[in-house]
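For reference, the chains in residue letters:
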Amino acid sequence: MSTIFLAVQLFVAASAAFFCILGFGMTSVRRARDRRRVVAYDLAARVVLDNAAESETASEALAEMPLPVVADVLQHLATDVNGEARRRLRLVAVQSGLVRRIERWSRHHRWHRRAQAAHLLVLLEERAPERSALLHDPHPLVRARAIESMSPDEIGVQSVALLEAFDHESPAVQAAAQHALVRGGVDCVAPIVGLLHRLERGTHDPKAIVLVAEVAAQLPDSRVVDALLSFASHDDERLRLLVATCLGNGTFVDQTSELAELLADSDSLVRAEAARSIGRAQVAGLAHRLGEALSDRSWQVRRNAGAALLELGPIGKVVLRCHLDDDDAFARDMA
């Protein structure tokens, strides 16, 4: 019995020693990797910011570091810079052999390798054939990763690929395309307008149109307003709601007639959003229509109409006072 107990003690002690050594080794490796990453980021900063001679020296030193570290640093920095800075980082990717690896992975038969290549697409030239190939990859996760790697400039060039992505059956691909437009912001106004015009003319899934319109509705740009107005009478109430949202963004476009029409929409959520937009856009000419909306059968419409009248200032308050003695109990209560 004592022999078994001694054996168990030895096994426990050996296991504890093994795990202590393993933990120490892993900690040392992690610290060494972190130190290399700090050095790599410092070299990358010098590549981007220093003059040509010093940048070339730093570029050569960075290219000699372990490839996983180089890939991690370049991928993160290249998404935040453009122009000459991005060109320098791409040169490091060529010198280190990373570009050859990306090109090889992009043709790999395993989808996770192609996904790794898609994650690093920003390090390739704008017109590299691998970009187009991965944007049309048969595997949805590879395609989604390629779309996420697109720069705002490339979003404009690849608007047709984005349009196909919005029609894709995979939610991951659709979400990636939408996030790309969100990330592009104002720089993507022209591509978004182009997408809306193509969607209007084609026979596309209404969900695809909604995904683009959700981004467009948040952009205060008259070109977006003009493109979205074509969906003001669409059969899908989600699109009419987004048009109402867009009209409240404060662009200098005469939207009185469109908001008046949406305020009389068959869907209560559209009417409520139209009322809110009238207040946000300060469309004083529709104050009397907001007064009529105080009698709406939907509480949300009545609530938004009352709040919008307050936002309109003196003229809105006059309308509210007029409805304090309204025959309709709903309007009287909200006023």
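One structure accompanies this document, and this report is about it. (Residues numbered from 1 in each chain as written. Predicted model: local features only at pLDDT ≥ 70, side-chain atom pairs only at ≥ 80, totals over all residues. Heavy atoms only, no water.)

## Describing a positive patch on the surface
On the surface, R30, R31, R33, R35 and R36 cluster together to form a positively charged patch. Structurally, R36 can be placed in helix α1 (residues 2–49). Exposure remark for R36: the relative accessible area of 32% places this residue in the partly exposed category. (Patch = residues over 30% accessible without salt bridge, like charges linked within 9 Å, V, L, I, M, F, W, Y side chains within 5 Å. Areas by Shrake-Rupley, 256 points an atom, 1.4 Å probe, with all protein chains shown as cover. Salt bridge = Lys/Arg side-chain N within 4 Å of Asp/Glu carboxyl O. Lys, Arg positive; Asp, Glu negative; His and termini not counted. Charge placed at Lys NZ, Arg CZ, Asp CG, Glu CD. Helix = DSSP H or I, 4+ residues; strand = E, 2+ residues; numbered from the N terminus. Buried < 20%, exposed > 50% of the residue type's maximum accessible area, 1.4 Å probe, protein only.)

## Quick look at the side chain of R114
Structurally, the position occupied by R114 is in helix α6 (residues 111–119). At 3.1 Å, the side chain of R114 and the backbone oxygen of H108 are in polar contact. Reaching out from R114, the side chain makes a polar contact with the side chain of D137 at a distance of 2.7 Å. (Polar contact = N/O pair within 3.5 Å; in protein donor to acceptor, adjacent residues only side chain to side chain.)

## So, the layout of surface pockets
Remark: the empty space left among the atoms is shown by a probe the size of a water molecule rolled over them. Estimated volume of the largest pocket: approximately 200 Å³. Within the residue set of the lining of the largest pocket, elements represented by two or more residues are α3 (67–78), α5 (98–106) and α6. If one sorts the elements of the lining of the largest pocket by residue count, α3 sits on top with six residues. Considering only residue class, the lining of the largest pocket consists of six nonpolar, four polar and two charged. (1 Å grid on protein atoms, 1.4 Å probe; cavity = no way out; pocket = protein on both sides within 12 Å on 5 of 7 lines; lining within 4 Å. Points joined across faces, edges and corners; volume = space filled by probe spheres on them. Nonpolar A, V, L, I, M, F, W, Y, C, P; charged D, E, K, R; others polar.)

## What about the packing of aromatic side chains?
Tallied over the entire structure, the rule returns zero aromatic pairs. Taking NZ or CZ as reference, R302 lies 4.1 Å from the ring centre of F330, over its face. (Phe/Tyr/Trp six-rings, centres within 6.5 Å; stacked < 30°, edge-to-face > 60°. Lys NZ or Arg CZ within 6 Å of the ring centre and 35° of its normal.)

## Some details on helix α16 (residues 256–263)
Inspection of α16 places L259, A260, L262 and L263 among the buried residues, and these make up the whole buried set. Taken around the axis of α16, the buried residues stretch over an arc of 165°, which confines them to a single face. Exposed residues on α16 whose side chains face more than 90 degrees from its buried face are S257 and E261. (Arc of directions from axis to C-beta.)

## What to know about the pattern of salt bridges
For the coordinates displayed, the defined rule picks out ten salt bridges. Between R37 and D72 there is a salt bridge, with its nearest N and O atoms 2.9 Å apart. Here the residue R37 occupies a position in helix α1, and D72 occupies one in helix α3, the gap between them amounting to 35 residues. One salt bridge in this structure joins D137 and R114, with 2.7 Å as the shortest N-O distance. Of this pair, D137 sits in the loop between α7 (129–135) and α8 (140–148) while R114 is found in helix α6, placing the two residues 23 residues apart along the sequence. Taken together, the salt bridges that share partners define one network made up of E273, R276 and R280.

In short, the description is geometric, and any link to function would need to be established separately.
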